[in-house]
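Inside the fold
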Amino acid sequence: MSSLRRIPLLVVLAVLLAATGVAATLRHPTNPSTLPNGLSVSINAESTALYCTGLSSASPGRISFFNTANAARKLSVSVVSDLGRTWTGTIELAAHAGQVVQPKVVDAPASHRSKSGRVTTVAVNYGVAVQISGGGVVADEIQGNSAVPCVSQGVTRWYAAGFNTLVGSDAYLSLYNPTGTEAVLNVSAVGATGFSAPQNLQGVSVPAHAQEEIDLGRNVVNTTNVAIGVKVLRGSLAIVGEEDSVGTLSFNQGVQAPQTHAWFPAVTTANGATAEIRLSNPNNKIAHVSLDVTLGNYKIAPQTTTLGPFTTGDITITPNSAIPVAGYASVSLHSDVPVVAGLATGTGTWIALSSPQTPSSSYVVRDFTGLGFDAASVTNTSSHSVTVHVTTYAAKGQVVVTRGINVAGGATVTLSSLISSPLTRPAGTYLVTSSRRSAIVTLTLPSHPRGLYVVAPLDGR
Amino acid sequence: MDSRAPAVVAVIVTTGSGPGLEAAAASIAAQNYEELSLLVVANGDAVRVAERVASVAPRAFVRVLEENRGFGPACNEAALMVEGSAFFLFCHDDVRLEPDAAQLMVEAAFRTNAGIVTPKFVSYEDPLVLLHVGQTSDRFGVVRERIELGEIDHGQQDLERDVFVAPGGVTLVRADLFSTLRGFDPLITLLGEDLDLCWRAQVAGARIVVAPLAKVAHRETIATGERPTGALGARRASRQDLQRRHQLLVVASGWHRRTAWWTLALLMVLDVFEVTIALIGGDMDRAGAIAGSWRWLMKHRRRARQRRRQMNSLRVLSDSELHRLQIGGAVRLRQFVVTFAREGYDRARGILPVEVTRDHEAITESEEAGVGFAAAFSEDEEFDEIAESEQFEIRTRPSRIMTSFRAQAILIAVVALLWFIGSRNLVSMQLPLVGRLAPLDSWWSTWRHFFASWSSNGVGTGTPGMPGYGVLAFAGTFVLGRMGALPRLALIFTVPVGAIGVGRLLKDRASNRARLIGALAYAAMPLGLNSIGQGRVDVLFAVASLPYVVRRVFELMDVPGFRRHPYSEPVPFGHRGWRTTEAGQRMTLIMIVALSTAMTPATLIAVGLVIVGVTLSRLFEPDPESVFRGSPRFLGSLVFNVAIFLLPMTLDVIFAGRRSLEIFGLPRGPWSVPSFSLLLRDVDGTFGATWWGWLLPAAALLALILCRGDRRRVATKLATIAALTLILVTLVSRHWLGSFSPDIDVLLALYAVTLASLVGLGIGALEHDLRDAGFGWRQVAAVLSIATIVVASLPFLQSLGSGRFDLPTTSVAESLSALAPSSAGGYRVLWLGDPSVVPLAGWTVAPGLEAATSTDGLPGGSTLFSSPDSGTSDVIMQAVSSAMNGHTVRLGALLAPAGISAIVLMNSGAPELAGVQNVPLRSAPGVMATALNDQSDLSLVLQTPSVEVFSNSLFHGIVAASQPGSATLTPLFSTTSNSGPLVPGSTVVAGLAPAGAFALTVNGKPAARSTYRTWTPYYQVPTTPTTLRGALVLHQFPLNGIIALFTLGMWAIVWLGFGWIHRLEWLFTGRRRRARARGERVRDE
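Residues numbered from 1 in each chain as written. Chains lettered and ligands numbered in written order. Predicted model: local features only at pLDDT ≥ 70, side-chain atom pairs only at ≥ 80, totals over all residues. Heavy atoms only, no water.

So, the packing of aromatic side chains
All names here are of chain B. Cut-off, in case you're wondering: Geometry of aromatic contacts follows a simple scheme: Phe, Tyr and Trp rings, the Trp one being its six-membered ring, pair when their centres are within 6.5 Å, and the pair is stacked under 30 degrees between planes, edge-to-face over 60, tilted otherwise. Placement of a charge over a ring requires the Lys NZ or Arg CZ to be within 6 Å of the ring centre, with the centre-to-atom vector within 35 degrees of the ring normal.
Across all of its chains, the model carries 29 aromatic pairs over all chains by this definition. Aromatic ring contacts, followed pair by pair, group Phe71, Phe88, Phe90, Phe178 and Phe184 into a single cluster. Note that Arg96 overlies the ring of Tyr124, its terminal NZ or CZ placed 4.5 Å from the centroid.

Dropping the structure here:
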């Protein structure tokens, strides 16, 4: 009798133990290494920071701040030039207010000017660090018609594709060290001829809170579609790529890791424009890349290409006989191995680079460039529908309107119906939020042909 | 009417010289049964048989056969010669019957309606020694005695009963049955004819009965090899050959065809196993006998089929009914396993043929005396408890494995020697700052930590001192204040002490040998060695204490066999004998648990698991004889009393609020805890994380299967506790129980106790329980158990090489000693990392991230324990948490008020040095490293896989001052004293909490203090033009000291209660006498 009683006990214990073991085994705990960020995180922060780099004095770069919080914020701005000069100051930013800082102007105080008022030595590039007492402040760095968000933290890995170092073009890497620790990095390049790790770009050091510029053209000479990989061995860096294509400046924000999925929600197919997805395979495996192009009601066969190990390639979107000229196409990329992608738009004479967009749940849409928008769209990267809300910031800290729109899974819809101001004129400031972290908001600046400059709205990162 | 007794014809078959023929014939002639005739059949060589028989039995008939055709055919021949007889009494020629044997057998045949009756056989030389009282057989035709070999006849077997086999020698067979069965099978000339006849008789429905009152002495000249086997067809065969082939024939024809095939298949498997064993041992005779038997069967397969047909025509019993009359299992295999477990391989492989085991060897005096193993494990000398050996003589043979005191003592000595070889470097090496090996403060300082009103943990706290300091200080007394010896003693001796505890735990439940193996299994468990290698002295304390705690709990919960004696009658508290009362025993347990909990609070959870496990087990499998009731009350009373005994810690827990559960341990990072498979192997470290780590748990599982009776009840309870422990550990390791996260290593220590105890019980089961079980998986399990235990102990040797059980020679923390800022004002270092890695006690920030501070350097004796109440130190936790959540980039600024100069983020306790030291990597949350890198006021000064160190650019010392009109803080005072000159009008800030506990005296007068919107007090220095000198002074009511004193007093009182009040009565008596004398004098005056 007792053995009969023992067996149920042992069975119960064994089942419980097995269930616990299976549950514990199936759930693989991972050590999180990515710091939570985004507007939703920073809004309640005790302090935040924004870092911008690559601001040139030639075509005066500027930083445009906007305070999304309902309270004023105090900004401690620190500008450092490639000459080592620094300027620090504070800015009081009222609730829902914006302000622009131009490093070249603050870099030329009286001590640097001659009696005639000219600056003795003008720095070429600037890095800016902004410490904010609280959260909710976003910033964009603007150079010409190109704009990229300032970042809230440095990265240890950085990849970008699509640089040109052909005659007439220049490509740079702008590095800013936001930490109190000297940063050390290695730079590698992948071009049509394969992988290279220029010796003078290995073990590059960037002092604490300093800004450095690396001329890619000196190391990868006269090459088109150059992909860059940066590995920060020590510390972290704010990095941005710059492309000067026949006098047209553009930023390449880059990505922190090669991806198997990437999205370019607003790719021009306008007449007279060129648009191509530039790809790089930094792996030792062959990559099979496929592009799904969504363009209005057109059915477009997937565009595919194969990338050998450590090579680059591209897929032309415009002009492409398979893709009609019908406005903005939404392009999603799929690859069997992680690749680096970039969008190069232009006229055939020059190009402007932009990086793929990253899904998030909140965006600040603001006319940072002062040019207005040519197009504003939201893409749902997930297979589930999401509800997108648009909130309009009014002056004096008021939030005026909140409207919602449902976006089906995988669909791209225009925001023009939700953004009341005319898109082609300086518009207001909006907060676009989605119910899932799967939305991408993309803006394009007015240009001719249309859609040559693609900018990303600010998500607070 | 006159009735005649049934006629019986006694048939003596004699062969060759027949050394006992006369005695046999004479004993039959002397029978008091009147209708008995004697027929002597001379098999072959018949020289002088007639004369010899005539000399003792003149009325006997003698029939001479031309050739020796064997016993069975001779009996058949005799049966043909007789008519009208009711019974045949077939006899060997080496027997001697008691005068009433025939009569008693016939009476038994009539009384029980038996077809075959067998007498009680005793030794020819010593009639007090039993040989057979009937026999039984398994399904494979292997005969087993019903008595112990060498059993003395005290009449204990004198009960008439059914048996399966009537052993040859003297067998009474009903004549009609014999005729029905067609007599003995002529193919079986010798050895096995009795089994064959009885098997067929059983199949035919006849009963076989033993009549023990009929006594026959049997010389067994054939079986013992005294006479050769000279029968026709068997002359070139050994006894082993004959026995094997005849058994095989019986099996092949004794069952229905399908059963026969299945049984033969099983038998073939067993025979292959036996042949393998025989070949390994070079026993070619046995291997040849087994192979030859199958050859012989193939040769006579037609005869086997013919026999089966004949038996089917007679069959009354079905196969299942027949099998019920037999013994279950495989006798031969079981005997092999039991003998192998007890006596080793050489002995085991010699169990067949039977005669080999009957070699009597002299028992040396030392062996007779050395059957006990008591000195190391027993409170009192006791004898080996393997009392009921199947073969009494065997257990006295010198080839027994570890059953003698000498063998066990040698094994212990060897293991102890190996242990001290393995720990040789721990004696003198510089202990690294890993785990809980921070250098202890002096004896006096350690006492002061216990009584202190303020401690420097975190940013400072006024909570009561943890009782662990009291335990350490008390222990320091026994090493004459040489506190540095304590951690070494812990590293070297805790595991052996725990192993002895396991031995004591198994006392009365298993033999000394089993206890020894259980203890060794505990020492070989990976947890103990890993704890040494990681410097986890707290866990080692649990490793040492838990076996004793478990035994005490089992005793008090009345687990079968754990309380040998009833509690003594209640005696008043303080009198002698109080300890042995129930109250005294409970108090002993409470004190042990309190002591262990003071050092390792998670021990209390382990004790709870034991009580819950026993209770749960009893719900399914009650202990009928147990009188214990009320487990919840028992647990509640235990916890309550422990809480009283650890009053300072209890108060800390009460005031800790949401952190109160952190007293049991801080949550580890789910990514760095052992996987479930490692937990099953009791591994949390580098040692044991290989395949052989499975062996001991496997052995424990097999033990659970093998145990029977009371041992099984205990095993079930242990298994329940083990399962509950593993479930809890798994849940905790994945952080599924929230902030309740008892130290998993302490729980794994309990798991180790259960595993080792199960292993010990398993050995006990092999010794006692296995032979009661039928053949099957148990036997296989037994073989596997033994193999696993042996193999599992081997890797232990591998760990001896370093001489320090892989304890690192250097630690991460020691390499940071150069980080001390040269400035005055004092400084703190913030240590972040997994709780199992950080070398000091702190508080949790997030799973896998503990935060703790050390003041003015590396962790030391004052940071071994921390109250779960973080108090003001929460500002540090909040700042770190804020950084980790991306909510701040100014961590340096947030930590600067606490005087934190550097942040150390640890991923392991020691650096990995290839070929020198191998340490487990237990990474802090990667997001923390990212967050620290992102701080604008921290700079990375050291980065290795083991550690990252960030310096705080805003550091200004623990005590700092700002000059009048300036907001810049500069360090103030020296690092050794909180006093020095002050600037008039300056503001002094002190990162010491609680703010109210400190005062700044300026020229002896207290300065104004402000804590507006901050936890750090600001003191305003007067603006007088005179030279000012200030000092920070601690003002704290010594409440903690009073609580500590009360606690110590309570311990002392209870200790006195264990009879010491009675013993010290003379002291009180003396005072009373003097007082009485004075009183009397006063009255007289």
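Some points on unusual backbone geometry
As a reminder, the rule being used: In this text, helices come from DSSP runs of H or I with a minimum length of four residues, and strands from runs of E with a minimum of two, each type numbered from the N-terminal end. Only protein chains enter the calculation, and the probe is 1.4 Å; a residue is then buried if its accessible area is under 20% of its type maximum, exposed if over 50%, and partly exposed in between.
The amide bond that connects A:Thr318 to the next residue, A:Pro319, takes the cis arrangement and shows omega of -5°. Tracing the backbone shows A:Pro319 in the loop between strand 22 (311-318) and strand 23 (328-346). The amide bond that connects B:Ala993 to the next residue, B:Pro994, takes the cis arrangement and shows omega of -5°. When you line up the elements, B:Pro994 lands in the loop between strand 22 (987-990) and strand 23 (998-1002). Here the phi dihedral of A:Phe310 falls at roughly 55°; this positive angle occurs in a residue that is not glycine. One non-glycine residue, B:His735, adopts positive backbone phi at about 60°. The class for B:His735 is partly exposed, based on a relative accessible area of 25%.

Looking at a nonpolar patch on the surface
Residues and elements named next belong to chain B. For clarity, the threshold we go by: What goes into a patch is any residue over 30% in relative accessible area without a salt bridge, connected to like charges within 9 Å or, for nonpolar side chains (Val, Leu, Ile, Met, Phe, Trp, Tyr), within 5 Å. Computed with the Shrake-Rupley method and a 1.4 Å probe, the accessible areas treat only the protein chains shown as cover for residues. Within this document, salt bridges are pairs made up of a side-chain nitrogen of Lys or Arg and a carboxyl oxygen of Asp or Glu, the two lying within 4 Å of each other.
A contiguous nonpolar surface patch, about 590 Å² in accessible area, is contributed by Trp691, Trp694, Val790, Val791, Leu794 and Leu797. Assignment of secondary structure puts Leu797 in helix 31 (residues 795-798). Look at Leu797 and you get partly exposed, because its relative accessible area is 43%.

What to know about the interface of chain B and chain A
Note the cut-off: In what follows, residue pairs with any heavy atoms lying within 4.5 Å of each other are defined as contacts. Buried area is calculated as the accessible area (1.4 Å probe) missing from two parts once they are joined, with the contributions of both summed. We define a polar contact as two N or O atoms separated by no more than 3.5 Å, with the added condition that, inside protein, one atom must be a possible hydrogen donor and the other a possible acceptor, whereas residues neighbouring each other in sequence contribute only through side-chain atom pairs.
With 49 residues of chain B at the interface, the matching set in chain A holds 43 residues. Note on chain B versus chain A: buried area summed over both sides is about 3700 Å², and carbon and sulfur give 61% of it. When the buried area of chain B at its contact with chain A is split by residue, B:Phe620, B:His887 and B:Asp934 rank highest and sum to 17% of it. Inspection of the region where chain B meets chain A yields one salt bridge. Where chain B touches chain A, the interface holds 15 residue pairs in polar contact (both at pLDDT 80 or more). Sorting the residues of the side of chain B that touches chain A by element identifies helix 23 (603-620), helix 27 (695-706), helix 28 (709-733), helix 32 (874-884), helix 34 (926-934) and strand 17 (938-943) of chain B as the ones contributing at least two each. Here the side of chain B that touches chain A takes 10 residues from helix 28 of chain B, the largest share from any one element.

Some thoughts on the nonpolar core
All names here are of chain B. We apply this condition: The nonpolar core is taken to be a set of buried Ala, Val, Leu, Ile, Met, Phe, Trp, Tyr and Cys residues, with the residues joined through side-chain atoms within 4.5 Å.
Counting 155 residues, the largest nonpolar core has Val553, Phe554 and Trp831 as the members making the most contacts within it. Considering every element that reaches this core, the biggest residue donor is helix 29 (residues 744-768), with 17 residues. Leave out the neighbours within four places in its chain, and Phe554 touches Leu505, Val559, Phe562, Val610, Val614, Val714, Leu718 and Ile721. With 77 residues, the next largest nonpolar core counts Ala217, Ala237, Val251 and Leu267 among its residues.

Observations concerning the domain arrangement of chain A
Residue and element names in this part refer to chain A. The following threshold applies: Marked domain ranges trace back to an automatic or database domain assignment.
If you check the domain split of chain A, you get domain 1 (3-145), domain 2 (157-252), domain 3 (259-354) and domain 4 (362-455). When each unit is reduced to the centre of its C-alpha atoms, the spacing between domain 1 and domain 2 is 21 Å. Domain 1 puts 15 residues into the contact, and the matching count from domain 2 is 14 residues. Interface of domain 1 and domain 2: buried area, both sides summed, is about 1100 Å²; carbon and sulfur atoms make up 66% of it. When the buried area of domain 1 at its contact with domain 2 is split by residue, Tyr51, Thr53 and Gln143 rank highest and sum to 42% of it. At the junction of domain 1 and domain 2, the tally comes to zero salt bridges.

Regarding the pairing of strand 27 (residues 1028-1034) of chain B
Residues and elements named next belong to chain B. Going by this rule: The rule for pairing is simple: two strands pair if DSSP sees at least two bridges between them.
The sheet contact formed by strand 21 (residues 979-982) and strand 27 spans four bridges and is antiparallel. From the neighbouring strand, Gly980 faces strand 27, where its bridge partner is Gly1030. Sheet topology places strand 23 next to strand 27; five bridges connect them, and they run antiparallel. Note on strand 27: the bridge partner recorded for Val1002 is Gly1030.

Observations concerning the packing of helix 20 (residues 526-533) of chain B against helix 21 (residues 537-556) of chain B
All names here are of chain B. Rules: Angular values range over 0 to 180 degrees, each being the angle between N-to-C directions of two axes fitted as lines to C-alpha atoms, with helices fitted over their stretch in contact. Any angle that falls under 35 degrees is termed roughly parallel, while one over 145 is termed roughly antiparallel, one within 65 to 115 roughly perpendicular, and all others oblique. Here a crossing is taken to be left-handed if its near helix is turned anticlockwise relative to the far helix by less than a right angle, and right-handed if that turn runs clockwise. We call Asp, Glu, Lys and Arg charged. Ala, Val, Leu, Ile, Met, Phe, Trp, Tyr, Cys and Pro are nonpolar, and the rest, Gly among them, are polar.
At a minimum axis separation of 8 Å, helix 20 and helix 21 run at an interaxial angle of 150°. Considering the angle they form, helix 20 stands roughly antiparallel to helix 21. Handedness of the helix 20/helix 21 crossing: left-handed. Contact residues: Leu527, Gly528, Ser531 and Ile532 in helix 20; Val539, Leu540 and Val543 in helix 21. Tallied by class, the residues present in the contact of helix 20 with helix 21 amount to five nonpolar, two polar and no charged.

Quick look at the sheet that holds strand 24 (residues 1005-1006) of chain B
All names here are of chain B. In spatial order, the strands read 21-27-23-24; together these four strands make up an open sheet with antiparallel pairing. Of all the strands in the sheet, just strand 21 and strand 24 have a single pairing partner and so form its edges. With two bridges connecting them, strand 23 and strand 24 associate as antiparallel partners. Counted as the bridge partner of Val1002 is Lys1005 from strand 24.

Quick word on a positive patch on the surface
Quick note on the threshold: A positive count includes Lys and Arg, and a negative count includes Asp and Glu. His and the chain ends are not counted in either. The atom standing in for a charge is NZ when the residue is Lys, CZ when it is Arg, CG when it is Asp and CD when it is Glu.
On the surface, a cluster of positive charge is contributed by B:Arg301, B:Arg302, B:Arg305 and B:Arg309. For B:Arg309, the position within the fold is in helix 10 (residues 301-314).

Considering the state of the cysteines
The criterion, for reference: Cysteine sulfur pairs qualify as disulfides if the two atoms are within 2.5 Å.
Tallying each qualifying case throughout the model produces one disulfide over all chains. Across the disulfide, A:Cys52 is cross-linked to A:Cys150 (sulfur-sulfur distance 1.9 Å). Taking the sign of the S-S torsion, 105° for the link of A:Cys52 and A:Cys150, the bridge is right-handed. Remark: A:Cys150 occurs in the loop between strand 8 (146-149) and strand 9 (157-163) and A:Cys52 occurs in strand 1 (residues 48-56); sequence separation between them is 98 residues. Not engaged in a disulfide, the cysteine B:Cys91 finds its nearest cysteine sulfur in B:Cys75; these two sulfurs lie 8.7 Å apart. Exposure remark for B:Cys91: the relative accessible area of 0% places this residue in the buried category.

Description of the sheet that holds strand 5 (residues 98-101) of chain A
Strand-to-strand pairing in sheets goes through backbone hydrogen bonds, with the strands running parallel or antiparallel. Residues and elements named next belong to chain A. Taken in spatial order, the four strands of this open sheet run 5-2-7-8, and their pairing is antiparallel. Since the sheet does not close on itself, it has two edges, and those belong to strand 5 and strand 8, each with one partner. In this sheet, neighbouring strand axes are inclined to one another by 25° on average, regardless of whether the strands run parallel or antiparallel. Bridge count for strand 2 (residues 62-67) against strand 7 (residues 137-143) is six bridges, and the pairing is antiparallel. Looking at the pairing, Ser64 lines up with Asp140 of strand 7.

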